[in-house]
Amino acid sequence: MLVYSTLLFLLIFGVFHFNYRKKTILKGWYYFFVFLFFTLMTGLRYRVGGDALAYEEYFYAFPDLDSYFSFMKKGNISFGYQPLFVLFVAICKSINPDYYFYQFIHAVVTNIVLFWFIRKNTKFEFSTILILYLFLFYFYFTFDIQREILAVCCFLLGYKYFAKNKWFFYYLFATIAFFFHISAFFLMLLPFFKLIKLTRIFVVLTIIVSIPLIIGKVFFLEYLELILFTEAMQSKGEAYSKVEFSISGVIFYYTIRVLTLIPFLFYYSKNKFEEKNYDWLLTAIFIVSILSQVMVGSDRFNNYLYIPFVLFFVNFMFNKKYYFRTGIFKKTLIFTVYLFLFSVTGIKLLVGNFKNYYYYNVFFPYSSILDKEENPDREKFMYYLWKQ
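Summarised in this report is the structure supplied together with it. Remember, it's a predicted structure, so these values are computed and weren't measured experimentally. (Residues numbered from 1 in each chain as written. Predicted model: local features only at pLDDT ≥ 70, side-chain atom pairs only at ≥ 80, totals over all residues. Heavy atoms only, no water.)

**Quick word on the overall build of the chain**
Part 1 of the reasoning: Counting its secondary structure elements, the chain contains 22 helices and 0 strands.
Part 2 of the reasoning: Buried residues in the chain amount to 52% of all 388 residues.
Part 3 of the reasoning: Partitioning the intrachain contacts of the chain with sequence separation of at least 6 by distance along the chain shows that 76% fall at a separation of at least 24.
Part 4 of the reasoning: Total accessible area on the chain stands at roughly 19200 Å², and carbon and sulfur atoms take up 67% of it. (Helix = DSSP H or I, 4+ residues; strand = E, 2+ residues; numbered from the N terminus. Buried < 20%, exposed > 50% of the residue type's maximum accessible area, 1.4 Å probe, protein only. Contact = heavy atoms within 4.5 Å. Areas by Shrake-Rupley, 256 points an atom, 1.4 Å probe, with all protein chains shown as cover.)

Pasting the structure below:
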């Protein structure tokens, strides 16, 4: 836990010294040092993460560059991975066949894009990273969803074109993202959210419409499957559609994933002081959060939005243009957003457990390739998870 504690200390100091006290001397170097620490922590970990353990188990079956095309024709049938991810692995494997070389290169690429994007879009870098760190987003993105994070990185690289409505270049990055992970299909639809104006009436009507969708989701899923145009998307959709929650489970997740957003949406819809319009971001997260109650798995679309959302939220907290009637009202509003962020990954610490094995074992404790200590609880947790 020393590695995690050291990083937490570095981030808290960065927030206090550079964001709160607004000091600028050596800020860039300190940011680079934090980036370096994160990259080494991620790149040198040993069997820490969720899906990462599965990638390691099957790494031997991935091709190098010499066998890439034959693998995509025949060997990829059982994997169903997108071609650019397999190509990324093949390039790494051609340089060095060891899994941990691939893991290190993956960590370098993803952290460069992530830290660059954060630095580019906010003055409060350390506050942003601290939130991503405390609410487990960083661990989930870099330790767990190794394929999807590369698609997310493509979106972050093309984000400026999305913001400026330069659609040719945006869809170029979106297409590249799709060939890393099929969930990037969502990026093709994302520009249409710019047509929606966030108002209180819109929020209320969306809530009203969501209730019959959730109750009659069996009929809704039949129409949703029409847009799943590849075999891989159809198989994923079929698998997710079989996951069911109890009535209490539906109410619980609807409350923490949807209703917790309403106070902030209500406030922002009447108090928009940002130079840019972020209606698209809030409406997209809101609608996808509702859809995730209809079909488990569609919440993965929000993986592309969480980082921009956290950036927006941090800028919001530090923006003095926003007026609050009382300090308690501001704190309550911020708390509801924190509760929503906790509901994404942190909630699994409470409910994502199997038998006597707990979700926190996926990321804790830390182990590096220098000592190569396996955590038996983590191994057993992932075993039971994959059996589901």
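Still to come is the rest of the account.
**Things to note about unusual backbone geometry**
Part 1 of the reasoning: Each neighbour pair has its own omega, and for F364 with P365 the value is 0°, a cis peptide bond.
Part 2 of the reasoning: A positive phi angle is found at R47, which is not glycine, with a value near 50°.
Part 3 of the reasoning: Position of R47 among the secondary structure elements: in the loop between α2 (27-43) and α3 (51-57).
Part 4 of the reasoning: Its identity is not glycine, yet N165 carries a phi of approximately 60°, on the positive side.
Part 5 of the reasoning: Looking at where N165 falls in the secondary structure, it is placed in the loop between α10 (159-163) and α11 (167-178).
Part 6 of the reasoning: The exposure class assigned to N165 is partly exposed, which follows from its relative accessible area of 41%.

**What about the pattern of salt bridges?**
Part 1 of the reasoning: Applying the stated criterion across every chain, the model contains 6 salt bridges.
Part 2 of the reasoning: For E125, the salt bridge identified is with K27, shortest N-O distance 3.2 Å. Of this pair, E125 sits in helix α7 (residues 125-134) while K27 is found in helix α2, placing the two residues 98 residues apart along the sequence.
Part 3 of the reasoning: On the accessibility criterion, K27 (13% relative accessible area) is buried.
Part 4 of the reasoning: Linking R47 and E57 is a salt bridge whose minimum nitrogen-to-oxygen distance equals 3.2 Å. With R47 in the loop between α2 and α3 and E57 in helix α3, this pair connects stretches of sequence that are 10 residues apart.
Part 5 of the reasoning: The exposure class assigned to R47 is buried, which follows from its relative accessible area of 8%. (Salt bridge = Lys/Arg side-chain N within 4 Å of Asp/Glu carboxyl O.)

**Let's talk about α7**
Part 1 of the reasoning: With 9 of 10 residues buried, α7 is to be regarded as a mostly interior element.
Part 2 of the reasoning: Residues of α7 that are buried include every one of E125, F126, S127, T128, I129, L130, I131, L132 and Y133, and no others.
Part 3 of the reasoning: Positive backbone phi, approximately 70°, marks L136, located one or two places after α7.

**With respect to the packing of helix α5 (residues 83-95) against helix α6 (residues 99-121)**
Part 1 of the reasoning: Close contact between α5 and α6 brings their axes to 9 Å; oriented N to C, the two are set at 125°. Compared by their axis directions, α5 and α6 come out oblique. The element α5 and its partner α6 pack so that their crossing is right-handed. Mapping the contact onto sequence places F85, F88, V89, C92 and I95 in α5 and F101, Y102, I105, H106 and V109 in α6. (Axes fitted to C-alpha atoms, helices over the stretch in contact; angles between N-to-C directions. Parallel < 35°, antiparallel > 145°, perpendicular 65-115°, else oblique. Left-handed = near helix turned anticlockwise from the far one by under 90°.)

**Description of the nonpolar core**
Part 1 of the reasoning: Counting 124 residues, the largest nonpolar core has F38, L190 and F309 as its most contacted members.
Part 2 of the reasoning: A total of 10 residues in this core trace back to one element, the largest contributor, which is helix α19 (residues 306-318).
Part 3 of the reasoning: In this structure F309 touches L261, L281, L282, I285, V337, F340 and L341, once residues within four positions along its chain are discounted. (Core = buried A, V, L, I, M, F, W, Y, C linked by side-chain atoms within 4.5 Å.)

**Examining the packing of aromatic side chains**
Part 1 of the reasoning: According to the stated counting rule, one finds 74 aromatic pairs in the structure shown.
Part 2 of the reasoning: Ring geometry for F35 and F115: centres 5.5 Å apart, planes at 70°, overall edge-to-face. Here F35 is found in helix α2, whereas its partner F115 is found in helix α6, with 80 residues between them in sequence.
Part 3 of the reasoning: On the accessibility criterion, F115 (4% relative accessible area) is buried.
Part 4 of the reasoning: Between Y170 and Y171, the aromatic rings sit 5.2 Å apart at their centres with planes inclined by 70°, giving edge-to-face as the arrangement.
Part 5 of the reasoning: You can call Y170 buried: its relative accessible area is 1%. (Phe/Tyr/Trp six-rings, centres within 6.5 Å; stacked < 30°, edge-to-face > 60°.)

**Focus on the environment of F32**
Part 1 of the reasoning: Take F32: it is sitting in helix α2.
Part 2 of the reasoning: Among the residues examined, F32 registers a relative accessible area of 42% and is labelled partly exposed.
Part 3 of the reasoning: For F32 and F115, which are 83 residues apart along the polypeptide, the C-alpha to C-alpha distance reads 8.9 Å.

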